[in-house]
Amino acid sequence: SPIGIACTAGASIEVLDSQLFNGNPPAIRLVNCTASIRTTRISSYRGGGIQSYESNLSLISSLIDGNGNDSGFYGGLRIRQCQIGQGDDPGDSCLGVALNIRILFTTIVANKANGTSDLVNRGAGALRCDKLSNPIEGAGSIIQDNTGYYNIDITESQDSRCAFTNSIAPLRLDDLM
């Protein structure tokens, strides 16, 4: 089945009071886009819930559940500073863009990704962040019961830019034990 919603090339999109269910690719793919997603449920997409590359994202009062698969890199959300194939060279222009990522009052639960401890293949059930320029603004969210090696993966950013405030969000499944 096709992607549920795609936004590209500097466009803006608002998803409000919606339900996206059951697909193979991601439910929403954002590439160089500005997106506002409110009071929306994204569920049962084997390819993951939201892919966001080089995009501003506001995710508020939504439910991201049951997405991903046992061999994927992420289940709920993947937020990447640059598009795939960019950002590895320190001179890439996308690295200098200040993205605004907000995840507020949202529940991210029961998503899954690869649980292997293999550095190359391990996945993040809830959220995978790749080389973000700014921290995520996050508050009042519940992030739990996601499976994968990580709940929230910050391995590529090597800092706390995937950090959330006022949320239940352990970084690794080991942190729950």
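All residue numbers here refer to positions counted from 1 along the written sequence of the relevant chain. In keeping with the predicted nature of the model, local features appear solely for residues at pLDDT of at least 70, side-chain atom pairs appear and are counted solely at 80 or more, and the whole-chain, interface and lining totals rest on all residues. Derived side-chain values reflect all non-hydrogen atoms in the structure, with water molecules and hydrogen atoms excluded from consideration.

Focus: the state of the cysteines
Here is step 1: Note on terminology: disulfide denotes any pair of cysteine sulfur atoms within 2.5 Å. All chains considered together, the criterion is met by one disulfide.
Here is step 2: Between the sulfur of C7 and that of C33 lies a disulfide, 1.9 Å long from S to S. Because the torsion about its S-S bond is 85°, the bridge between C7 and C33 counts as right-handed. Highlighted residues: C7 in strand β1 (residues 5-8) and C33 in the loop between β4 (28-31) and β5 (34-38), separated in sequence by 26 residues. C33 carries the same exposure label as C7, and that label is buried. Numbering of helices and strands starts at the N terminus; helices are DSSP runs of H or I of at least 4 residues and strands are runs of E of at least 2. Only protein chains enter the calculation, and the probe is 1.4 Å; a residue is then buried if its accessible area is under 20% of its type maximum, exposed if over 50%, and partly exposed in between.

Side note on unusual backbone geometry
Here is step 1: Even without glycine at this site, S44 takes up a positive phi of about 65°.
Here is step 2: The residue S44 is located in strand β6 (residues 41-45) in this model.
Here is step 3: Judged by its relative accessible area of 32%, S44 falls in the partly exposed class.
Here is step 4: A positive phi angle, near 55°, is found at D145, a position not held by glycine.
Here is step 5: Topologically, D145 is positioned in the loop between β15 (142-144) and β16 (150-153).

What about the sheet that holds strand β14 (residues 137-139)?
Here is step 1: One bridge is not enough; two strands pair if DSSP finds at least two bridges between them. Strand order across the open sheet formed by five strands is β2-β5-β8-β11-β14, with parallel pairing between neighbours. Because the sheet does not close on itself, it has two edges, and the strands there are β2 (12-16) and β14. Adjacent strand axes in the sheet meet at a mean angle of 5°, parallel and antiparallel pairs treated alike.
Here is step 2: Inspection of the sheet shows β5 paired to strand β8 (residues 56-60) by five bridges, in the parallel sense. Across the sheet, the residue bridging to A35 is L57, located in β8. As a rule, the C-alpha atoms of each element are fitted with a line to give its axis, helices using only the stretch in contact, and angles between N-to-C directions run from 0 to 180 degrees.

Let's talk about the sheet that holds strand β9 (residues 63-65)
Here is step 1: Spatial ordering of the open sheet is given by β3-β6-β9-β12-β15, a layout of five strands whose pairing is parallel. Among the strands making up the open sheet, the edge pair consists of β3 (19-23) and β15. If you compare each strand with its neighbour and ignore which way they point, the axes differ by 5° on average.
Here is step 2: As defined by bridge partners, β6 adjoins β9 across three bridges and the pair is classed as parallel. Bridged to I42 within β9 is I64.

Examining the confidence of the model for the chain
Here is step 1: pLDDT measures the predictor's confidence residue by residue and takes values from 0 up to 100. A residue-level look at the chain finds 82% of positions with pLDDT of 70 or above and a mean pLDDT of 83.
Here is step 2: For the stretch residues 155-160, pLDDT sits under 50, and the model shows twelve contacts to residues farther than four places along the chain or on other chains.
Here is step 3: What makes two residues a contact is simply this: any of their non-hydrogen atoms within 4.5 Å. Here residues 171-177 is a poorly scored stretch, pLDDT under 50, and it has 13 contacts once near neighbours within four places are set aside; other chains count.

Remarks on the side chain of S43
Here is step 1: Considering the arrangement of structural elements, one finds S43 in strand β6.
Here is step 2: Classification of S43 as buried rests on a relative accessible area of 4%.
Here is step 3: Of note is the side chain of S43, whose polar atom sits 3.3 Å from the side chain of S44.
Here is step 4: With residues near it in sequence (within four places) discarded, S43 still touches L20, F21, N22, D65 and N67. Side-chain atoms alone can form a polar contact between residues adjacent in sequence; in general such a contact is a pair of N or O atoms within 3.5 Å, and within protein one must be able to donate a hydrogen while the other accepts it.

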